[in-house]
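Remarks on the overall topology
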There are 2 protein chains.
Amino acid sequence: MITDSFPGVDATHDSTLQSWVLGANAPKTDFPIQNLPFGRFLGDDGTPCMCTAIGDDVLDLESVSKLGLLTGHAAEVLQVGTGGRLDRLMNQPRESLRALRVALSSMLDQRAGPSHSVQRCLRPQAVTKMLVPVAPSNFSDFFTSIHHASNSARISARLPLLHANFHYLPVAYHGRASSVVVSGTQLQRPYVQYLPHQDAAPIYGPTSRLDFECELGALVGQGTEIGDRLTLEQARHRVFGLTLLNDWSARDTQRWESTPLGPFLAKSFMTTLSPWIVTMEALAPFRTAAVARHADNRPLPHLDDEENQAWGGIDVQLSILMRTQRMREADTPPRCISRPNFKDQYWTVFQMLTHQTSNGCSVLPGDLLGTGTISGADETELGCLLELTEGGKRWVHVGAEKRHWLENGDEVILHARCEKPGYRSIGFGTCEGTVVAAERS
Amino acid sequence: MITDSFPGVDATHDSTLQSWVLGANAPKTDFPIQNLPFGRFLGDDGTPCMCTAIGDDVLDLESVSKLGLLTGHAAEVLQVGTGGRLDRLMNQPRESLRALRVALSSMLDQRAGPSHSVQRCLRPQAVTKMLVPVAPSNFSDFFTSIHHASNSARISARLPLLHANFHYLPVAYHGRASSVVVSGTQLQRPYVQYLPHQDAAPIYGPTSRLDFECELGALVGQGTEIGDRLTLEQARHRVFGLTLLNDWSARDTQRWESTPLGPFLAKSFMTTLSPWIVTMEALAPFRTAAVARHADNRPLPHLDDEENQAWGGIDVQLSILMRTQRMREADTPPRCISRPNFKDQYWTVFQMLTHQTSNGCSVLPGDLLGTGTISGADETELGCLLELTEGGKRWVHVGAEKRHWLENGDEVILHARCEKPGYRSIGFGTCEGTVVAAERS
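Conventions used here
All residue numbers refer to positions counted from 1 along the written sequence of the respective chain. Following the order in which they are written, the chains are lettered starting with A and the ligands numbered starting with 1. Only residues with pLDDT of at least 70 get local features here, since the model is predicted, and only at 80 or more are side-chain atom pairs given and counted; chain-wide, interface and lining totals rely on the full set of residues. Side-chain measures here rest on the full set of heavy atoms in the structure, leaving out hydrogens and waters. Secondary structure elements follow DSSP: runs of H or I no shorter than four residues count as helices, runs of E no shorter than two count as strands, and numbering proceeds from the N terminus. All radius of gyration figures rest on C-alpha atoms, and the globule criterion is 2.2 Å times the number of residues raised to 0.38. When a residue's accessible area, from a 1.4 Å probe over protein chains only, is under 20% of the maximum for its type it is buried; when over 50% it is exposed; and in between it is partly exposed. Each accessible area is a Shrake-Rupley result for a 1.4 Å probe, and residues are judged covered by the shown protein chains and nothing else. When charges are counted, neither His nor the chain ends are considered; positive counts come from Lys and Arg and negative counts from Asp and Glu. Here the site of a charge means NZ on Lys, CZ on Arg, CG on Asp, or CD on Glu. Residues reaching a pLDDT of at least 70 in both copies supply the C-alpha atoms on which the copies are superposed by least squares. A contact between two residues is defined here by any heavy atoms of the two lying within 4.5 Å. Whenever a helix is involved, its axis is fitted only over the stretch in contact; in every case the axis is a line through C-alpha atoms, and angles between N-to-C directions fall within 0 to 180 degrees. When describing relative orientation, an angle under 35 degrees is termed roughly parallel and one over 145 degrees roughly antiparallel, while 65 to 115 degrees is termed roughly perpendicular and anything else oblique. Under the scheme applied, nonpolar residues are Ala, Val, Leu, Ile, Met, Phe, Trp, Tyr, Cys and Pro; charged residues are Asp, Glu, Lys and Arg; polar residues are all the others, including Gly. Should DSSP find at least two bridges between two strands, the strands are taken to pair. Accessible area that two parts lose when put together, evaluated with a 1.4 Å probe and summed over both, is termed the buried area. For salt bridges, the criterion is a side-chain nitrogen of Lys or Arg within 4 Å of an Asp or Glu carboxyl oxygen. Nitrogen and oxygen atoms within 3.5 Å of one another constitute a polar contact, given that in protein one can donate a hydrogen and the other can accept it, and given that sequence-neighbouring residues count only through two side-chain atoms.

The number of helices and strands found in chain A is 13 helices and 27 strands. Here the C-alpha atoms of chain A give a radius of gyration of 21 Å, agreeing with the 22 Å that 2.2 N^0.38 yields for 441 residues. Along the first, second and third principal axes, the C-alpha atoms of chain A reach 70 × 55 × 40 Å. The burial tally for chain A puts 62% of its 441 residues in the buried class. Accessible surface, chain A as shown: approximately 16,000 Å² in total, 50% of it carbon and sulfur. Chain A carries 40 positive and 48 negative side-chain charges, and their two centres are separated by 3 Å.

With that out of the way, let us pick up the relation of the copies chain A and chain B. You can overlay chain A on chain B at an RMSD of 0.0 Å; the transform is a turn of 180° with a shift of 0.0 Å along its axis. Here the transformation between the copies is reduced to the relation of a two-fold axis. Among all residues of chain A, the one whose C-alpha sits closest to the rotation axis is A:Gly262, at a distance of 2.2 Å. Interface overlap between copies: 100% of the residues of chain A at the interface are likewise at the interface in chain B, consistent with a symmetric, same-surface contact.

In this section: the packing of helix H2 (residues 72-80) of chain A against helix H4 (residues 94-108) of chain A. Residues and elements named next belong to chain A. It is the contact of H2 with H4, at a shortest axis distance of 8 Å, that shows an interaxial angle of 110°. Comparing their axes, H4 and H2 come out roughly perpendicular. Residue-level inspection shows His 73, Ala 74, Val 77 and Leu 78 of H2 in contact with H4, the latter providing Ser 96, Ala 99, Leu 100 and Ala 103. A breakdown of the residues in the contact of H2 with H4 according to their chemical character gives six nonpolar, two polar and no charged.

Moving on to the sheet that holds strand E2 (residues 48-54) of chain B. All names here are of chain B. Strands sit in the order E4-E3-E2-E1-E5 across an open sheet of five strands; the sheet is antiparallel. Here the strands that pair on one side only, and so sit at the sheet edges, are strand E4 (122-124) and strand E5 (130-131). Strand direction decides the pairing type here: E2 and strand E3 (residues 57-60), joined by four bridges, are antiparallel. For Cys 51, the partnering residue across the bridge sits in E3 and is Asp 60.

This part is about the sheet that holds strand E2 (residues 48-54) of chain A. Residue and element names in this part refer to chain A. A sheet is described by the order of its strands in space; here five strands give the open sequence E4-E3-E2-E1-E5, paired in antiparallel fashion. At either end of the open sheet lies a strand with only one pairing partner, and these are strand E4 (122-124) and strand E5 (130-131). Across three bridges, the pairing between strand E3 (residues 57-60) and E4 is antiparallel. Residue pairing for E4: Asp 57 is matched across the bridge by Pro 124.

Residue and element names in this part refer to chain A. Across the 10 residues that make up helix H6 (residues 146-155), a large majority, eight, are buried. Taken together, the buried positions of H6 are Ile 146, His 148, Ala 149, Ser 150, Asn 151, Ser 152, Ala 153 and Ile 155. Along its buried surface, H6 packs onto helix H13 (385-388). Looking one or two residues beyond H6, the residue adopting positive phi is Ala 157, at roughly 55°.

One widely used convention gives an interface's size as the accessible area the parts lose upon coming together. Taken together, the 61 residues of chain A in the interface contact 61 residues of chain B. When the two sides are added together, the surface that chain A and chain B hide from each other amounts to roughly 5,400 Å², 61% of it contributed by carbon and sulfur. Together, A:His174, A:Leu261 and A:Phe264 form the three largest contributors to the area buried by chain A at its contact with chain B, with a combined 16%. Scanning the region where chain A abuts chain B turns up two salt bridges. Remark: the boundary between chain A and chain B carries 28 residue pairs in polar contact (both at pLDDT 80 or more). Every element with two or more residues in the side of chain A that touches chain B is listed here: strand E6 (139-142), strand E7 (172-174), strand E10 (191-194), strand E11 (203-206), helix H8 (251-257) and helix H12 (349-357) of chain A.

The next point concerns the pairing of strand E1 (residues 38-42) of chain B. Residue and element names in this part refer to chain B. Counting buried positions along E1 gives four out of five residues, so the element sits mostly inside the fold. In the sheet, E1 pairs with E2 via five bridges, with the strands oriented antiparallel. The residue of E2 that forms the bridge with Gly 39 is Cys 51. In this antiparallel pair of consecutive strands, E1 and E2, the connection spans five residues, and Gly 46 shows a positive phi of 85°. Sheet analysis places E1 next to E5, joined by two bridges and oriented antiparallel. The residue of E5 that forms the bridge with Phe 41 is Met 130.

Next up, the structure:
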């Protein structure tokens, strides 16, 4: 049943829709027929293959295309992405992506009944090796939580807590694209340079302040040329979807290296994405108002419009879980340590993309825009250990253990769900990584 | 005649070598037979083609490969790069690149005499459309001139003039790869957000403080995997070569946006490279000692070794020229406004690459490492207008005109030459761009 009708909600979001792939109808699945995210798996011949998730299965979209199981425009759109070129699929116009969603929804609809040919394109997620959904050509990481910004400044004894620019632009820095990996990749504790204590000479060794950052990643759909400046309205059509993102951070070197040009090696050793990109089409029912601002903190006109105020936010409930080595050995499940919500973010993903191109900088399909750490106002909603432990001054409890920073063997797991009365809940899958000891240099 | 024999100098550097391509023997050419840089041009069928420069000509290496004009290992190495995939060529081991250089040198040697087949692969540079030599997957921009670092801090009233980390690591930030372009590309004055004056509200409009930065770009040769940490010795084998780089900068937004994460849109609207990569093989005779350091400013061991101290520097004399619209209309040639030398840089390109990978960050063939602005101690050796005009407080004279910042119609031209008694001088070609007015938003 469709309970309201703001832009983008259509029959594919009908909560009564069920799939003949039975796992998709389980109440707790991340991947009901209303989701249909995109990802890539390692095909049997060793090449990347485009796919979607349905229940506990992966639907191999390369085979769907090869077997001609879609027709008309949807088939043409899908064809563009074959060979694992999800970036090319992402470069399609919005109406084409909608047509593909409608066709995939129909194909998996219970009312269509199981097709033997489509069934042959399914494989269990549990035995499928997923790849990074897109190897981004460019990665920008933003800083758009007002709570994270002011907490970080307070903990680092940086004044003012909010620099004057925070209200005027979504602050960001360029990240490292080459070390973006898929969920499940082990994180080797990085060697970094840092001051073991104030007034000491720096040393080079395994980081002593390893942290995670719970973020979402917005993927650019259609690209631009150098000199193009996207309006907010254009940006709304060019965000393809969202993925989970863990921006692993080494806080000791971050503090040491960042003057005067910002973080570099503190962030570039690895960035983990979930295997699935949840499309803006799937997220339509969960769009919400942007964070309300004081009248004297309105953005400049190019970063502000009514549509952004009314529907620029997205209600994504995130969960950060941890499991230590000891818990894993005792078969204790991961424990949730924090639950931020993306709707509290001060800047929207559309404002981020508009800002990114506001100087004429080009973007390519599949470029990654990290939202920055997602933290809410409450201490149960903080998005990184820096904030949860006040920079190592208080403990975070993980089951029977406690942490200031990540230890070897620790597993960090990000989850996210969108829920709204009258709609089927959808999820993002898992973004996880386990810390292993540094190799000796 | 070879006057000394440090690593890498061989018969291809013999200053008596001449080419049957007569332009290569002109005393002032950038491209004698001792140079043999790599680049890419737009082929007649619209695809990128690998090439080298010889005198006033381009030698089409795709045709050289297709026609089988090289034999043995050199032919295999060249074959890898066909289809304009200079990045794949760059990923070859050092010995293979040396073999290719030797073969190309022999092919063009006067003693070999002109070959009709090779002659058919030549085309005049003047009518050849060059492309960016490599579309870098990743671009890091360093900050390695001690003079630029302390001048910038003084001009921005930032204390201390040198942050404690400057002596310990080559400070850097991630740059934007998508907006790297080839020499000759017009620069549209970017729209940016900035404070028109202190205590004013920010505005969004064409930058009022447009600057250039004279840099070299080091291109990564063989890539690494996540977790690999390159020693200085390994890094010496993995720098493929150097190109000229103009890191155009908008100083007004740089000041406004950079707290707390460093420059972002101030630098990402465009970065210009020269069309030619001068290889480390060609640069061998011009290697020199790294800048001498005080005993208490030695780098940590992983960023320090004797070879780096003895031969880590490279003597590259740069020239920054400008030509205004009025000069162009009057057919007045460009005027040199500054002449920095890369041998004064505090950190070497090998230290930059070692640092880049010191946290296990992966690098890909063709990744670009900007050296940061190259400035010497003298006021005739400053690498950007910020320094030359003390932040807009004094004039730079360009012929009969004067500038604080770049104006529309201004052309900025970077040149570089390596000269040493007993050796043939080599050059880098041209890295130039002309500023045009911003398009209305």
